[in-house]
Protein chains: 2
Amino acid sequence: MTNVTTAATESGDEPTPPARRARGEQTRQLILETALRLFRERGYAETTMRAIAKEAGVAVGNAYYYFDSKEHLIQGFYDRNQADHRAASGPALAGSADFADRLRGVLHAGIDVNAPYHSFAATFFKSAAEPSSPLSPFSRESSPARDASIGLFRDVVEGSSAKIDPELRKELPELLWLGWMGVILFWVYDKSPDQRRTRRLIDGAVPLIDRLVALSRLRVLRPALRQILALIESVRRDD
Amino acid sequence: MTNVTTAATESGDEPTPPARRARGEQTRQLILETALRLFRERGYAETTMRAIAKEAGVAVGNAYYYFDSKEHLIQGFYDRNQADHRAASGPALAGSADFADRLRGVLHAGIDVNAPYHSFAATFFKSAAEPSSPLSPFSRESSPARDASIGLFRDVVEGSSAKIDPELRKELPELLWLGWMGVILFWVYDKSPDQRRTRRLIDGAVPLIDRLVALSRLRVLRPALRQILALIESVRRDD
DNA sequence: CGCCCTACTTGAACGCGTTCAAAGTTGTGC
DNA sequence: GCACAACTTTGAACGCGTTCAAGTAGGGCG
């Protein structure tokens, strides 16, 4: 774990906050790094806040000064993972203009990136499932990571040579992201060696999606497509 | 099968114990009833094991004699809910032979039954999301409730006049159950008044499913259907 | 320099889910 | 009746996440 924060803390001119003390930010990073390391080494449930504090050389209360709860520490994991996913998707997005290739590449890259955390991800996944939790992929707190992820699928669509119905094209990135959440859900439950069932799911589903997307321009299917898009729209309304 | 887990599990087919002592079963029911009542009144997280014990007039430890954990109390909720769902589906299943009507009726009945528990269901949903949890809808412990639920959707299919591709017909109950899990997932996250977005989702999705199922018999779509069924099969393999 | 203000830090304490050794209760065989 | 074993019940105690009143420190201003 390389300390990425030094550069930021050394500069004496921070933009938004009063640039007076960067000491706190150092402690914050220290606690976060320590926590993520222990999560990886021992698992989430087995890592106590007391252990994190002790290992980081601070008091328990100090961790709560920087993080609202133990769960909030995972948000850092999310953010880093999202960045890794984009990086790992680079080759696939640069290598082909074929929609199916691009989608398959990004999905497999996502699984690659998450693979080392399979067992540990499963245990903290339960936190993410609670709708009111800030860790939920649908929560306001997760929206930066979510938007970044949707952006990744926007790149899949926009960089592809596929001819797509314009109305569908608009919705497709978010729909693909939703599908990706489904894949992650499947992956979390996947106990097969190397999660190969998830790989098969991706390889099998991508051609189907590809064909479905291509069919979206057929005039015969226009009413059906419209109906689906209308359903999505009507379901999205309200709050 | 190997029912060695706790002394608390149903002793229905165990050979050894003399069936004389049913006194424990009374206490077990008392604790369960009290717990579910308090969950409904105060919510899951806000109901403490101490409060359940006090309200039931027993010691905390006694609750743990019959239930491995606070989460295990929810299994009772599951079972009852499943029975209620079937009962509430009666009219819809008796009233029409139209596939869409039957499916819509069963789905709405399921939401009706769960509605009183919406806020509390959301908090216990996080337990269900953990793959290793016995509360997971895919777990071995949940298989009785799961099988019963799949059976409900089998009734939807078998009692309907819809003409369905025979291969699809075989898989359809389980697929509909999976879809039902998706609806529940959506419902848990649905914060609109009376969860009306979930109602709209059902009303919008049912005709689409109905049409899709009807199309399954078209010869042109046979290869596509085969491909989908093959994907399901290939993903199901392994463990 | 010295004082203040505020960002930061502390650790005891709280209530929680859970455990467990001990005690109580009850049916059965002698 | 008695003793024994199995079943049931108890509540103090443990370790956890979390809170909070109290303390510390270091830059800015007089």
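Okay, so let's go over this structure. (Residues numbered from 1 in each chain as written. Chains lettered and ligands numbered in written order. Predicted model: local features only at pLDDT ≥ 70, side-chain atom pairs only at ≥ 80, totals over all residues. Heavy atoms only, no water.)

1. Regarding the pattern of salt bridges
(1) Moving on: This structure, assessed with the given rule, holds 23 salt bridges over all chains.
(2) Moving on: We note a salt bridge from Glu 55 of chain B to Arg 37 of chain B, for which the minimum N-O separation is 2.6 Å. Of this pair, Glu 55 of chain B sits in helix 2 (residues 49-56) while Arg 37 of chain B sits in helix 1 (residues 23-42), placing them 18 residues apart in sequence.
(3) Moving on: Put simply, Arg 236 of chain B and Glu 171 of chain B hold a salt bridge, and the shortest N to O gap is 3.2 Å. Highlighted residues: Arg 236 of chain B in helix 10 (residues 222-236) and Glu 171 of chain B in helix 8 (residues 166-189), separated in sequence by 65 residues.
(4) Moving on: Where salt bridges share partners, they join Arg 37, Glu 41 and Glu 55 of chain A into one cluster. (Salt bridge = Lys/Arg side-chain N within 4 Å of Asp/Glu carboxyl O. Helix = DSSP H or I, 4+ residues; strand = E, 2+ residues; numbered from the N terminus.)

2. Digging into the packing of helix 11 (residues 222-236) of chain A against helix 9 (residues 196-215) of chain B
(1) Moving on: For the pair helix 11 of chain A and helix 9 of chain B, interaxial distance at closest approach is 8 Å and the crossing angle is 165°. Comparing their axes, helix 9 of chain B and helix 11 of chain A come out roughly antiparallel. Where helix 11 of chain A crosses over helix 9 of chain B, the handedness of that crossing is left-handed. Contacts between helix 11 of chain A and helix 9 of chain B pair Ala 224, Gln 227, Ile 228, Leu 231, Ser 234, Val 235 and Arg 236 of chain A from the former with Arg 197, Arg 200, Leu 201, Gly 204, Ala 205, Pro 207, Leu 208 and Arg 211 of chain B from the latter.
(2) Moving on: For the contact of helix 11 of chain A with helix 9 of chain B, the class distribution of residues is eight nonpolar, three polar and four charged. (Axes fitted to C-alpha atoms, helices over the stretch in contact; angles between N-to-C directions. Parallel < 35°, antiparallel > 145°, perpendicular 65-115°, else oblique. Left-handed = near helix turned anticlockwise from the far one by under 90°. Contact = heavy atoms within 4.5 Å. Nonpolar A, V, L, I, M, F, W, Y, C, P; charged D, E, K, R; others polar.)

3. Quick word on the side chain of Ser 216 of chain B
All names here are of chain B.
(1) Moving on: By the secondary structure assignment, Ser 216 is in the loop between helix 9 and helix 10.
(2) Moving on: Its relative accessible area of 6% is what places Ser 216 among the buried residues.
(3) Moving on: A polar contact is formed between the side chain of Ser 216 and the backbone nitrogen of Asp 165, at a distance of 3.3 Å.
(4) Moving on: Among the polar contacts listed, one links the side chain of Ser 216 to the backbone oxygen of Val 213, at a separation of 2.6 Å.
(5) Moving on: If sequence neighbours within four positions are ignored, Ser 216 has contacts with Ile 164, Asp 165, Leu 168 and Leu 225. (Buried < 20%, exposed > 50% of the residue type's maximum accessible area, 1.4 Å probe, protein only. Polar contact = N/O pair within 3.5 Å; in protein donor to acceptor, adjacent residues only side chain to side chain.)

4. Let's talk about the protein's contact with DNA strand D
(1) Moving on: Around DNA strand D sit 20 residues, and of these Arg 50, Tyr 64 and Lys 70 of chain A together with Ala 59 and Tyr 66 of chain B come closest.
(2) Moving on: Considering DNA strand D, the proportion of its atoms within 4 Å of the protein that are sugar or phosphate atoms stands at 55%.
(3) Moving on: Of all the secondary structure elements, the ones that give two or more residues to the surface near DNA strand D are helix 3 (49-56) and helix 4 (60-66) of chain A together with helix 1 and helix 3 (60-66) of chain B.
(4) Moving on: Broken down by element, the surface near DNA strand D gets its largest block of residues, five residues, from helix 3 of chain B. (Near = heavy atom within 4 Å.)

5. Here's the deal with the interface of chain A and chain B
(1) Moving on: Listed per partner, the contact involves 35 residues of chain A and 35 residues of chain B.
(2) Moving on: Connecting chain A to chain B are zero salt bridges.
(3) Moving on: Our count for the chain A to chain B interface comes out at six residue pairs in polar contact (both at pLDDT 80 or more).
(4) Moving on: Looking at the side of chain A that touches chain B, the elements with two or more residues in it are helix 7 (118-129), helix 9 (166-189), helix 10 (196-215) and helix 11 of chain A.
(5) Moving on: Here the side of chain A that touches chain B takes nine residues from helix 10 of chain A, the largest share from any one element.
(6) Moving on: Across the side of chain A that touches chain B, the residue classes tally to 17 nonpolar, six polar and 12 charged.

So yeah, pure geometry; function would need other evidence.
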